[in-house]
Amino acid sequence: MAKPAPIKLHPKLRKFTESIEKRTSIRGVFVTPKFQQDYTPTGSTILNLLIGGTRLPDSSFVCPGWPRGKISEVFGRESSGKSTIAMTGMAHALRRNDDGCGLYVDLECAVQDHYAMKLGVDFRPPEVGGEGRAIRAQPHTFEETEALVMNACLQGIDFVVIDSVAGLVSNREIKRDTSDDEQKQGVAEIPRLMSQWMPKLQSVIARTGTHVMFLNQTRDKIGASKMAKSEEAHKST
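How each quantity is defined
- Residues numbered from 1 in each chain as written.
- Predicted model: local features only at pLDDT ≥ 70, side-chain atom pairs only at ≥ 80, totals over all residues.
- Heavy atoms only, no water.
- Helix = DSSP H or I, 4+ residues; strand = E, 2+ residues; numbered from the N terminus.
- Buried < 20%, exposed > 50% of the residue type's maximum accessible area, 1.4 Å probe, protein only.
- Contact = heavy atoms within 4.5 Å.
- Areas by Shrake-Rupley, 256 points an atom, 1.4 Å probe, with all protein chains shown as cover.
- Pairing = 2+ DSSP bridges.
- Axes fitted to C-alpha atoms, helices over the stretch in contact; angles between N-to-C directions.
- 1 Å grid on protein atoms, 1.4 Å probe; cavity = no way out; pocket = protein on both sides within 12 Å on 5 of 7 lines; lining within 4 Å.
- Points joined across faces, edges and corners; volume = space filled by probe spheres on them.
- Nonpolar A, V, L, I, M, F, W, Y, C, P; charged D, E, K, R; others polar.
- Patch = residues over 30% accessible without salt bridge, like charges linked within 9 Å, V, L, I, M, F, W, Y side chains within 5 Å.
- Salt bridge = Lys/Arg side-chain N within 4 Å of Asp/Glu carboxyl O.
- Phe/Tyr/Trp six-rings, centres within 6.5 Å; stacked < 30°, edge-to-face > 60°.
- pLDDT = per-residue confidence, 0-100.

The secondary structure content of the protein amounts to eight helices and seven strands. Within the protein, buried positions represent 33% of all 237 residues. Within the protein, counting contacts between residues at least 6 apart in sequence, those at least 24 apart form 71% of the total. Accessible area of the protein: about 15,700 Å², with a carbon and sulfur share of 56%.

Right, here's the structure in full:
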């Protein structure tokens, strides 16, 4: 019985790929399909199942954890466990093949190192007895945060956390004189900067396999403080 002829790329597609390589400088843009996403466990069985996606024919999930090479956002009320979820995920990334590493961008300046160590993330440098596999940074502006995260992703760091979006302040806002009425506060400045940054970030991490997690907060009213909320609740009663 004659063997079936080997399947080859369609002639038109073959000519197309060859012409791209010869006539342009475009390289590494063609993607090989894969049906199961590489991931980092969340540390919670329930959370793994919730974000696991559809089931494959063998009953396994497509991505039962934080997907590598993707951006995720964890948002909620204050003190609802967002940082705990982020550090637990980073702890699992550090244990990945015993060779993982992570960057935690602490814009809120609220991380407790002893609590992080209980969750499995040691930010201490090797000089003082740490593992040297996780770094915590506290940049001052959005521009510094962008530079840190982009460089971390380009170097292939496994897990990056930005805590949080609410703490991002632009360089222009830092230098603005609040007493000068002519120097008005920018309208939606951080969302505008974020919308320009996200496509560049996704393009990088899709190649390096870094997972980037943004933490964010929810509020009832924009700019409303806890004091204002309590006063409104008192008036309503």
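There's more to say after this.
Our next topic: the sheet that holds strand S6 (residues 159-163). Note on sheets: strands pair through backbone hydrogen bonds, and any given pair is parallel or antiparallel. On the basis of which strands lie adjacent, the open sheet formed by five strands has the order S3-S7-S6-S4-S5 and parallel pairing. One side of each edge strand has no neighbouring strand; the edge strands of this open sheet are strand S3 (71-76) and strand S5 (134-137). Sheet twist, expressed as the mean angle between neighbouring strand axes with direction ignored, is 15 degrees. Pairing of strand S4 (residues 102-106) with S6, which is carried by five bridges, proceeds in the parallel orientation. Residue Gly 102 lies in a different strand from S6, and its bridge partner there is Phe 159. Contacts from helix H5 (residues 142-154) reach S4, S5, S6 and strand S7 (211-217) within the one sheet, and its direction differs from that of S4 by about 170 degrees. Helix H7 (residues 189-208) contacts S3 and S7 of the sheet and is inclined by roughly 150 degrees relative to S7.

Before going further, it helps to examine the layout of surface pockets. Taken as a whole, the second largest pocket holds about 450 Å³ of empty space. Lining the second largest pocket are 18 residues, and of these Val 31, Lys 34, Lys 70, Ala 206 and Arg 207 sit closest to its centre. A per-class count over the lining of the second largest pocket returns seven nonpolar, six polar and five charged.

On to a nonpolar patch on the surface, then. Taken together, the side chains of Leu 9, Leu 13, Phe 16, Ile 26, Val 29 and Phe 30 make up a nonpolar region of the molecular surface, amounting to roughly 560 Å² of accessible area. Here Leu 9 is to be found in the segment before helix H1 (11-23). You can call Leu 9 exposed: its relative accessible area is 52%.

Before going further, it helps to spend a moment on the packing of aromatic side chains. As enumerated under the stated definition, the model contains four aromatic pairs in all. Considering the side-chain rings of Tyr 104 and Phe 123, the 6.0 Å spacing of their centres and the 70 degrees angle between planes classify their relative orientation as edge-to-face. In this pair, Tyr 104 is assigned in strand S4 and Phe 123 in the loop between helix H4 (113-119) and S5, connecting sequence segments 19 residues apart. Each of the two residues, Tyr 104 as well as Phe 123, counts as buried. Their ring planes at 90 degrees and their centres at 5.6 Å tell us that Phe 142 and Trp 197 sit as a pair that is edge-to-face. Taken together, the residues span a long stretch of sequence, with Phe 142 in helix H5 and Trp 197 in helix H7 at a distance of 55 residues. Three or more aromatic residues link up through ring pairs in this structure, and these residues are Phe 142, Trp 197 and Phe 214.

What follows deals with unusual backbone geometry. Across the junction of Asp 163 and Ser 164, the peptide omega takes the value 5 degrees, indicating a cis bond. Although it is not a glycine, Ser 79 sits at a positive phi angle of roughly 60 degrees. Inspection of the secondary structure assignment puts Ser 79 in the loop between S3 and helix H3 (82-94). Judged by relative accessible area, which is 79%, Ser 79 ranks as exposed. Although it is not a glycine, Cys 109 sits at a positive phi angle of roughly 55 degrees. As for its placement among the helices and strands, Cys 109 is situated in the loop between S4 and H4.

Per-chain confidence: the protein averages 88 in pLDDT, with 88% of residues scoring 70 or above. Within the protein, helix H8 (residues 226-236) has the poorest average pLDDT of any element, 50, and S4 the best, 98.

Let us now look at the side chain of Glu 146. Tracing the sequence through the fold places Glu 146 in helix H5. Accessibility expressed as a relative area gives 18% for Glu 146, which makes it buried. Residues in contact with Glu 146, not counting those within four places in the same chain, are Trp 197 and Lys 200.

Tracing the backbone shows Thr 88 in helix H3. Here Thr 88 falls in the buried class, since its relative accessible area comes to 17%. Through-space distance from the C-alpha of Thr 88 to that of Gly 120 is 7.1 Å; in sequence the pair is 32 residues apart. When neighbours within four sequence positions are excluded, Thr 88 is seen to be in contact with Thr 42, Gly 43 and Leu 119.

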